There are 4 protein chains.
Amino acid sequence: MKRARTEDAKDERRQILLGAALDEFFLKGFAAARMADIANRANLSKGALYLYFESKEALFEALIQSLAVPRLDQIEQIASSSPSFREAMDRLVVFAPLMIRQTKLPRLMKVIIGDSQSFPNILRQYRDQIVDRLLGAIAMMLSRARDRGEIEIGDPGLMARLVLAPIVLSGLWEAVFANEDETPVDLDTLFRMHADHVIRAIGIEEN
Amino acid sequence: MKRARTEDAKDERRQILLGAALDEFFLKGFAAARMADIANRANLSKGALYLYFESKEALFEALIQSLAVPRLDQIEQIASSSPSFREAMDRLVVFAPLMIRQTKLPRLMKVIIGDSQSFPNILRQYRDQIVDRLLGAIAMMLSRARDRGEIEIGDPGLMARLVLAPIVLSGLWEAVFANEDETPVDLDTLFRMHADHVIRAIGIEEN
Amino acid sequence: MKRARTEDAKDERRQILLGAALDEFFLKGFAAARMADIANRANLSKGALYLYFESKEALFEALIQSLAVPRLDQIEQIASSSPSFREAMDRLVVFAPLMIRQTKLPRLMKVIIGDSQSFPNILRQYRDQIVDRLLGAIAMMLSRARDRGEIEIGDPGLMARLVLAPIVLSGLWEAVFANEDETPVDLDTLFRMHADHVIRAIGIEEN
Amino acid sequence: MKRARTEDAKDERRQILLGAALDEFFLKGFAAARMADIANRANLSKGALYLYFESKEALFEALIQSLAVPRLDQIEQIASSSPSFREAMDRLVVFAPLMIRQTKLPRLMKVIIGDSQSFPNILRQYRDQIVDRLLGAIAMMLSRARDRGEIEIGDPGLMARLVLAPIVLSGLWEAVFANEDETPVDLDTLFRMHADHVIRAIGIEEN
DNA sequence: TATGAATGAGTCTTCATTCAT
DNA sequence: GATGAATGAAGACTCATTCAT
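Residues numbered from 1 in each chain as written. Chains lettered and ligands numbered in written order. Predicted model: local features only at pLDDT ≥ 70, side-chain atom pairs only at ≥ 80, totals over all residues. Heavy atoms only, no water.

**Observations regarding the interface of chain A and chain B**
Our working rule: We call two residues in contact whenever any of their non-hydrogen atoms come within 4.5 Å of each other. Throughout, the accessible surface (probe 1.4 Å) given up by two parts as they are put together, summed over both, is called the buried area. The term salt bridge refers to a side-chain nitrogen of Lys or Arg lying within 4 Å of a carboxyl oxygen of Asp or Glu. Whenever a nitrogen or oxygen atom comes within 3.5 Å of another N or O atom, the pair is scored as a polar contact, on the condition that within protein one atom can donate a hydrogen and the other can accept it, and that pairs from neighbouring residues in sequence are kept only if both atoms are in side chains. Each helix is a run of DSSP H or I of at least 4 residues and each strand a run of E of at least 2, with the numbering of both proceeding from the N terminus. Residues are grouped as follows: nonpolar covers Ala, Val, Leu, Ile, Met, Phe, Trp, Tyr, Cys and Pro; charged covers Asp, Glu, Lys and Arg; every other residue, Gly included, is treated as polar.
At the interface, 43 residues of chain A touch 43 residues of chain B. Carbon and sulfur atoms supply 67% of the area buried between chain A and chain B, which totals about 4100 Å² over both sides. Counting every contact that joins chain A to chain B gives 0 salt bridges. Viewed at the interface, chain B and chain A are joined by 4 residue pairs in polar contact (both at pLDDT 80 or more). When residues of the side of chain A that touches chain B are traced back to their parent elements, those giving at least two are helix H1 (7-28), helix H6 (105-115), helix H7 (120-147), helix H8 (156-177) and helix H9 (187-202) of chain A. When residues of the side of chain A that touches chain B are assigned to their parent elements, the largest contribution, 13 residues, is made by H8 of chain A. Grouping the constituent residues of the side of chain A that touches chain B by class yields 25 nonpolar, 7 polar and 11 charged.

This is the structure:
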C-alpha cells in the first residue's frame, strides 16, 4: 500500500478502515471479527491498522462514533423544522426508507445490539448521544404539535417510541434478514400506512 | 456435583445448562462466551457440559429451540381464539409485558440478532419457525377481523408488523438497556396506548 | 455386565480386556487409544476396566507380557529339537506363516515398534525376554548345525538375523498393510524360497 | 526468533521444523507429540509453527513427503544402472549402511509403522510411492539379471522381498533399539554376508 | 509509514481417572 | 463388582498485538 503522508490521506484511510470494520463486525460480531480481515478488506496490512487504531476496542468505539452521529442531524432537522405534525410525519416516513436502505445505520444498530453488552461505556454513550437524542427530538416534536392543538396524546416520551418503533425495527430487520433471498419488505408502503395510522389515531379533526 | 443418573435428572440438568448458556451468550455474545463460564454458572465442570451438549454450537442451537418455541403457542392462541379484534388487541397488550419482563425471550432475541449472522441455518430456522409464524398469526387475526367488518386495513402482512413493532422493540430495549439503572419504561401504559391507537386508526365505528 | 465372582471368571475377563486393548492399541496407537473404547470392545464399562488394570500404562505392560511370551516356546522348541539344520529350517518356515496369520504377534510387534519408545522399561524387557531370546535360539541352532558340519557360517548372531529377517518383516508387513485390499503376499512360497536359499547359501554339500 | 522474510529463509525454517517434527514424532509418536515441543525444538513459538504448517496432520504428511522420496532415487539408480547382478548387490549393501546410519529414514520408517494406521491416505501414498516403487526397482533389477542369465529365481516380486528384508529390518532395529547402550550391530559385515548368500543362492555359476 | 513474521495468552475440546450410586 | 456421570489437566489451534525489516 502506498503511504499516506498528508493528514487528508490519513483521514481517508481511517474512513476506509472504519467501513471495513463495520462490515466485519456486522458479519461476525465484535469477538469473532479478526483484525487481519478488517485490514485486508481495507487493502492494508495488520500492522498498518494499528497505526490508525490502537486496539480492536478503540476501533469499535471509533466506529460507533463515526457512523451514528451524522445522520441524526437530519432527523432532528425534520422534527424541529416542520411546520405541522402531519408534515413532520410525512417527511419522517419518506426519509426513513432512505436511511434504512442507503446508510449503514441498520448494520451499526445490529452491531451495537449484539456486542455492546461487553462495553458499558460505549452502550451508555450510544444511549445518551443517539437514542435519547432521537427519542427526545420526536418527543419534542410531539409536544409542540400538542401545544399547537394538532394532536392529542399522553406522555410524549412514550408516544415517541410508538412513532419510531416500526422504523427502527424495520432497520433491524433489514440488517438481520436482508441477505435472505425473498421479496423485501415494502418500506415505503409500510411507513406510509404507519404515518396515516398515527395521524388518524392522535390527530385532532379540524372542521 | 451430585450425579444425574435418571433420565429426568439429566433433563433437568440440561435445562439448567441451557439457562446458564443463555445468560452467558446474552452477556458476552456467542463468540466471547466461554464454555467454562457456562458450566460454572450451572455448577458443573467444563467436562460435564460436554456430556450434555457436544459443542458450543450445538448448545447454541439447542438454546434457541428450547426457549423460543413454547411461548409462541400462547400468542397464536390469543390471535386465533379472541372473539373480536378489540379483544385480541387487549389480550395481546396485557400478555406482552409479561412476556417481556418474565420470560427470557428478550434475551434470546438479543442473542439471535447479535450472533445468528454466523449461523445461517439457525437464522433461517428461527425466521421460519418463530418470526414468520408470529407475523402470520397476527396477520391471520387481522384478516379475519377485516372479513368480519371490524377493521379496515391494507396488506395484513404489513399491518402485522405495525402491530408487533412496539412490542418487539420494547423487548429488545429491555434486553439491551435494562441494566442501566433508571426508571424503566412503563410497558403497560405504552402498550395500552398502542392498542388504543391501532383500534382508533383501523377500527370501524359502529353506530 | 454380569459380575465375575470366581478367580477364573476374572481371569477370563482380563484376557478379553487384553484382547480388546491390543485391538485398540494396534488401531490407534497407545496415546490415541481410548480406555472407553477398550472397555466397550470388551463389553465392559470404563469403571470396570479399572478394576482389572490400574492404569492405561499398566494395561499396556500386561498386554506385552501376556501375548509375546507363549509363542516363543514353540520357536525355541523348533530350534532346539530339530535333528538337522534342514529340518529346522523346514519346520520354521512352515510354522512362521501360521504365527503371522493366526496369532496376534504381528499386531503386537507393530504396537511395540510404534509406542515403546515412551516406555523404556517395557522396551528393554521386550528386548531381553523376547527379541534376544529369539535371536539366541536361532543362533544356537545355527551354532550346533555348524558344529555338526552341516553349514558353514560366520557369526551365528548375525546369521540368525538373516534367517529371521524375512519372517519378522513379513509379520510387520501383514500388520501394517493387511487391510489394504489386494492380493496378499504368498507367505508359504516366500518362506519356502527363503529356506531354500539359506540352505543353498550356507549348507555344506554332502557327496 | 529472527524473522524469515525471504522465501529462502522460510524454506529453511520449514526444513528445520520438519526435522524437529521427525524427532518428536519419532520419540513420542504422532498422538503423544506436542506441537509446542516441536516448535520449541526448532526455537520457534507455537504460533509460528502454524505459519508454516496448518495442522499437526499437515505437518505429519509434509514430513513423510519430504524425507522419504529423495533417497529413493539413489536406490533406483543403483538397481537400474549396475552392469551386473553381483555389482548391483555389492553397491546395494555398501549403500545400505549409510542410509541406515546417516539418514533419517529409519526414524521415518518407525514413525510410519507406528502411526500411519490412523492416516489411511498417508499409508496408501507411502505404500504406492515408496514401498512399491522400492520393491519394484529391485524386482526389475532381478528380472533383468535373470534375463541376462545371471541368476535363477522364482517370482521376482517375492525375491525382492528376500533381498530387502535384512536391510529394512536392520533400519528398523536401529530406530527402535539404537539408544540402548550396547555394541551396535555390524551392518557392513551383516549386509556383506547377506549379499554373498544371495549370490550363492541364486547366482548361476559361470565356468 | 507499511509489512507480515513472531509471540503467547486464551479457549474449545478430549479423555484418563475417580467415585457416588 | 459394575456403571457411567463428573472432574480437570492437557493439548491443538487462534488471533490480538508487537516489532524487526
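Past the structure itself, the notes keep going.
**Remarks on the protein's contact with DNA strand F**
Inclusion rule: Only a single heavy atom is needed: when it lies within 4 Å of a molecule or strand, its residue is near that molecule or strand.
The immediate surroundings of DNA strand F are formed by 43 residues, with Arg3 and Arg13 of chain B together with Arg3, Lys10 and Arg13 of chain C found nearest. Expressed as a percentage, the sugar and phosphate content of the atoms of DNA strand F within 4 Å of the protein is 61%. Contact distances for DNA strand F include 2.7 Å between a phosphate oxygen and a side-chain N or O atom of Tyr50 of chain D. Of all the secondary-structure elements, those providing two or more residues to the surface near DNA strand F are helix H3 (46-52) of chain A, helix H1 (7-28) and helix H3 (46-52) of chain B, helix H1 (7-28) and helix H3 (46-52) of chain C together with helix H3 (46-52) of chain D. The residue inventory of the surface near DNA strand F, partitioned by class, reads 18 nonpolar, 6 polar and 19 charged.

**So, the domain arrangement of chain A**
Residues and elements named next belong to chain A. For clarity, the threshold we go by: Marked domain ranges trace back to an automatic or database domain assignment.
We note that the domain assignment places domain 1 (1-54) and domain 2 (64-202) within chain A. Distance between the C-alpha centres of domain 1 and domain 2: 29 Å. Between domain 1 and domain 2 the total buried area reaches about 880 Å² when both faces are included, carbon and sulfur atoms providing 67% of it. Summed over the three residues of domain 1 that lose the most area to domain 2, namely Leu22, Phe26 and Phe30, the buried surface amounts to 68% of that side. Taken together, the links from domain 1 to domain 2 amount to 1 salt bridge. Measuring nitrogen to oxygen at the nearest pair gives 3.3 Å for the salt bridge that ties Asp23 to Arg107. The tally of links between domain 1 and domain 2 comes to 3 residue pairs in polar contact (both at pLDDT 80 or more).

**Some words on the arrangement of the chains**
Note that chain A does not reach chain D: the shortest distance linking a C-alpha of one to a C-alpha of the other is 14 Å. In this view chain B stays clear of chain D, with the nearest C-alpha atoms of the two still 21 Å from each other.

**Details of the interface of chain C and chain D**
In this complex, chain C contributes 44 residues to the contact, which on the side of chain D involves 43 residues. Summing both partners gives a buried area of about 4100 Å² for chain C against chain D, and 67% of it is carried by carbon and sulfur. Taken as a group, Gln117, Arg127 and Leu162 of chain C account for 16% of the area that chain C buries against chain D, more than any other trio of residues on that side. On inspection of chain C and its partner chain D, the count reaches 0 salt bridges. For the pair chain C and chain D, the number of links is 4 residue pairs in polar contact (both at pLDDT 80 or more). Sorting the residues of the side of chain C that touches chain D by element identifies H1, helix H6 (105-115), helix H7 (120-147), helix H8 (156-177) and helix H9 (187-202) of chain C as the ones contributing at least two each. When residues in the side of chain C that touches chain D are grouped by element, the largest group, 13 residues, is from H8 of chain C.

**A word on the relation of the copies chain A and chain B**
Selection criterion: What sets the superposition is a least-squares fit of C-alpha atoms, and only residues with pLDDT of at least 70 in both copies go into it.
The transform that puts chain A on chain B rotates by 180° and translates by 0.0 Å along the axis, for an RMSD of 0.1 Å. Considering both components of the superposition, the chain copies are consistent with a two-fold axis. Taking C-alpha positions as the reference, the residue of chain A nearest the rotation axis is Gly114 of chain A, at 1.7 Å. A shared interface surface links the copies, since 100% of the contact residues of chain A are contact residues in chain B too.

**Quick notes on the protein's contact with DNA strand E**
Near DNA strand E, the surroundings consist of 44 residues, among which Arg3, Lys10 and Arg13 of chain A together with Arg3 and Arg13 of chain D are the closest. If you look at DNA strand E and keep only atoms within 4 Å of the protein, 63% of those are sugar or phosphate atoms. Between DNA strand E and the protein, one listed contact pairs a phosphate oxygen with a backbone N or O atom of Ser45 of chain A at 3.1 Å. In this structure, a base nitrogen belonging to DNA strand E sits 3.3 Å away from a side-chain N or O atom of Lys46 of chain A. Elements represented by at least two residues in the surface near DNA strand E include exactly H1 and H3 of chain A, H3 of chain B, H3 of chain C together with helix H1 (7-28) and H3 of chain D. Of the residues assigned to the surface near DNA strand E, the class counts are 18 nonpolar, 6 polar and 20 charged.

**As for the pattern of salt bridges**
Worth spelling out the cut-off: Burial classes: relative accessible area under 20% of the type maximum marks a residue as buried, over 50% as exposed, and values in between as partly exposed (1.4 Å probe, protein chains only).
Scanning the entire structure with this criterion turns up 64 salt bridges over all chains. Note that Asp37 of chain B and Arg34 of chain B form a salt bridge whose closest N and O atoms lie 2.8 Å from each other. With its nearest N and O atoms 3.4 Å apart, the salt bridge here joins Asp23 of chain C to Arg41 of chain C. Of this pair, Asp23 of chain C sits in helix H1 while Arg41 of chain C sits in helix H2 (residues 35-41); the two residues are 18 residues apart in sequence, bridging distant segments of the chain. In this structure Arg41 of chain C comes out as partly exposed when scored by relative accessible area, which is 39%. When salt bridges that share partners are traced, they join Asp23, Glu24, Lys28, Arg34, Asp37, Arg41 and Arg107 of chain A into one network.

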